[in-house]
Amino acid sequence: MVKCRLYERKMSQLPIFKNALQHPVFKVVSEAAKTLQLETYVIGGYVRDYLLKREHKKDFDFVAVGSGIELAREVSNLLPGKPKVTIFKNYGTAMLKTQGVELEFVGARKESYQEHSRKPSVENGTLHDDQNRRDFTINALALSVNEANFGQLLDPFNGLKDLENKIIRTPLDPNITYSDDPLRMLRAIRFATQLEFNIEKKSLQAIKENASRLEIISKERIVDEIHKILMTPKPSLGFKLLRDTGLLPLIFPELMALEGIEEKEGQLHKDNFWHTLEVVDNIAQTTDDLWLRWAALLHDIGKAPTKRFDKKNGWTFHGHEFVGSKMVYKLFKRLRMPMNDKMKFVQKMVLMSSRPIVLATEVTDSAVRRLIFDAGEHVEDLMTLCEADITTKNPKRFQKYHNNFKRVREKMVEVEERDHIRNFQPPVSGEEIMETFGLSPSREIGLIKDAIKEAILEGAIPNEYDAARKFMMQKGKEIGLKPIA
Ligand code: CTP
């Protein structure tokens, strides 16, 4: 009895956030919960982001003390058009879509995990049991949709305080929470990066201790979290945490290999790991293209295997762009990332990442034409990457490098207006070459086509039909061909 009164007094002190539940679906869920006499709460990301005044993707997670599936069916019955309920029997969850939002329902549960699996054994439980099994206190916040206390916040682990203090903390002993589901180690780092929160010390220590458990997590889920870290305004925060906790070498050994500065005969090279993180932060200021951000992350990975020292030139990384682009392939394959045009784009950016830099010291028309030709539709992205690559702390040099790239960009506009290289189409086709000289498919055709392209890129002839035709005749003559008519 005493316990109960205490509980009631506590309940009445809990804050109410009715405004969080203005969307019409909350009233519908409330009505369904009343009909079925099920205690029901909205929980997780939506509540967290509402309290942070942060935009949340349009999905609401409901937990019912009882059957989430039955609740979903009842909600559907009450909605216009009775939307289809998708049931995930294995997980005991149900989902439906209505009015542009996605509703997910689960029955409150107690979970216990085995050592080598992410699949828990599950029993029915109370709201508190369900909050216990969640990853972080800020994700265990629940708002009641029950008529009696509509909008009341149920916050058994002081998640609200953690939101205020910007702390990522687990409801249970972090060793349990992370060992139960090691993906949460990455989620902790991802949330810390997205929200610019600190991970509680005890939690950080537990991540270090449990890092090797990442091996039971699928590559797809790992990559998903890396994508989210990369899409934050300051991804370096996440990569630094990944490094400090020992997760980075398990995911990206090739990035870890970039860390460190060596000195030989008084000569130092820069620390390419920390430089890379600066480049990623820089590019995050100028583009939301996930794959361009990946390119920034990987642009120097070829530097570890190509690092050499010789007395004359000091530290060199010859061919690191080529080696790096090959490493991109292996890395994408290992992490089961898409082996499609996205990967090819990242490879291309890594391969070409030094081209505009070399060019910036002497901006000739022909070099700019070659750059536009080779980078094709991605030339703008390449320039964005190169500008992000400027991390010098010397203000004079910083300005100078930016001015150089500005000149390259101006020259690119000028050359492109005149020569139309970007989507280069040979002004004289292979068929025309064959018809002119009476050739069947042969080596000579390629030779002439190539010579025309080279002459245009070098600026020997303009990128126009008449000039190219004249050049073709001349080239044909040189290699002993005669026009047939
Ligand atoms: N959750 C968890 N452990 C996980 C994944 C999810 O405890 N490994 C719980 C958390 O309570 C989380 C909720 O399930 O808030 C919903 O998960 P999810 O949709 O993945 O994340 P959100 O918190 O909604 O955040 P975001 O959409 O930004 O990923």
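What comes next is a walk through the structure. From a predicted model like this one, the values you see are computed outputs, not experimental measurements.

Section: the pattern of salt bridges
Phase 1 of the analysis: One pass over the structure, following the stated rule, counts 31 salt bridges.
Phase 2 of the analysis: Of the charged contacts in the structure, one is a salt bridge between K307 and E262, with a shortest N-O distance of 2.7 Å. Highlighted residues: K307 in the loop between helix 16 (303-306) and strand 14 (308-310) and E262 in the loop between helix 13 (253-256) and strand 12 (263-264), separated in sequence by 45 residues.
Phase 3 of the analysis: By relative accessible area, K307 is classed as partly exposed at 24%.
Phase 4 of the analysis: Classification of E262 by relative accessible area gives partly exposed; the value is 35%.
Phase 5 of the analysis: One connected set of salt bridges, linked through shared partners, spans D365, R369, K411, E414, R418 and D419.

Brief notes about the site of the ligand
Phase 1 of the analysis: Around the ligand, the structure places 15 residues, and the nearest of them are R48, K57, D135, N139 and D181.
Phase 2 of the analysis: One of the side-chain nitrogen or oxygen atoms of R48 is found 2.9 Å away from an oxygen atom of the ligand.
Phase 3 of the analysis: Protein chains bury 80% of the 560 Å² of accessible surface belonging to the ligand in isolation.
Phase 4 of the analysis: More than half of the atoms of the ligand fall within 2 Å of the grid points belonging to the largest pocket.

Quick look at helix 17 (residues 320-334)
Because each turn of an α-helix spans 3.6 residues, side chains separated by three or four positions in sequence point in the same direction.
Phase 1 of the analysis: Between its first and last C-alpha, helix 17 extends 20 Å over 15 residues, near the 21 Å set by a 1.5 Å rise per residue.
Phase 2 of the analysis: Taken residue by residue, helix 17 has H320, E321, G324, S325, M327, V328, L331 and F332 as its buried positions. Along the long axis of helix 17, the arc covered by the buried residues comes to 160 degrees, so they all point the same way. Residues K330 and K333 are exposed on helix 17 and point more than 90 degrees away from its buried face.
Phase 3 of the analysis: Where helix 17 is buried, its residues meet helix 13, helix 15 (290-298), helix 16 and helix 18 (341-351).
Phase 4 of the analysis: One or two positions beyond helix 17, positive phi appears at R336, with a value near 50 degrees.

Side note on unusual backbone geometry
Phase 1 of the analysis: A positive phi is found at Q37, a non-glycine position, where the angle reads about 55 degrees.
Phase 2 of the analysis: Not every positive phi belongs to a glycine, and K166 is a case in point at roughly 55 degrees.
Phase 3 of the analysis: Residue placement: K166 occurs in the loop between helix 6 (159-165) and strand 10 (167-168).
Phase 4 of the analysis: Relative accessible area serves as the criterion here: at 42%, K166 is assigned to the partly exposed category.

Thresholds, definitions, all that
- Residues numbered from 1 in each chain as written.
- Predicted model: local features only at pLDDT ≥ 70, side-chain atom pairs only at ≥ 80, totals over all residues.
- Heavy atoms only, no water.
- Salt bridge = Lys/Arg side-chain N within 4 Å of Asp/Glu carboxyl O.
- Helix = DSSP H or I, 4+ residues; strand = E, 2+ residues; numbered from the N terminus.
- Buried < 20%, exposed > 50% of the residue type's maximum accessible area, 1.4 Å probe, protein only.
- Near = heavy atom within 4 Å.
- Polar contact = N/O pair within 3.5 Å; in protein donor to acceptor, adjacent residues only side chain to side chain.
- Areas by Shrake-Rupley, 256 points an atom, 1.4 Å probe, with all protein chains shown as cover.
- 1 Å grid on protein atoms, 1.4 Å probe; cavity = no way out; pocket = protein on both sides within 12 Å on 5 of 7 lines; lining within 4 Å.
- Sits in = over half its atoms within 2 Å of the grid points.
- Expected span 1.5 Å × (residues − 1).
- Arc of directions from axis to C-beta.
- Contact = heavy atoms within 4.5 Å.

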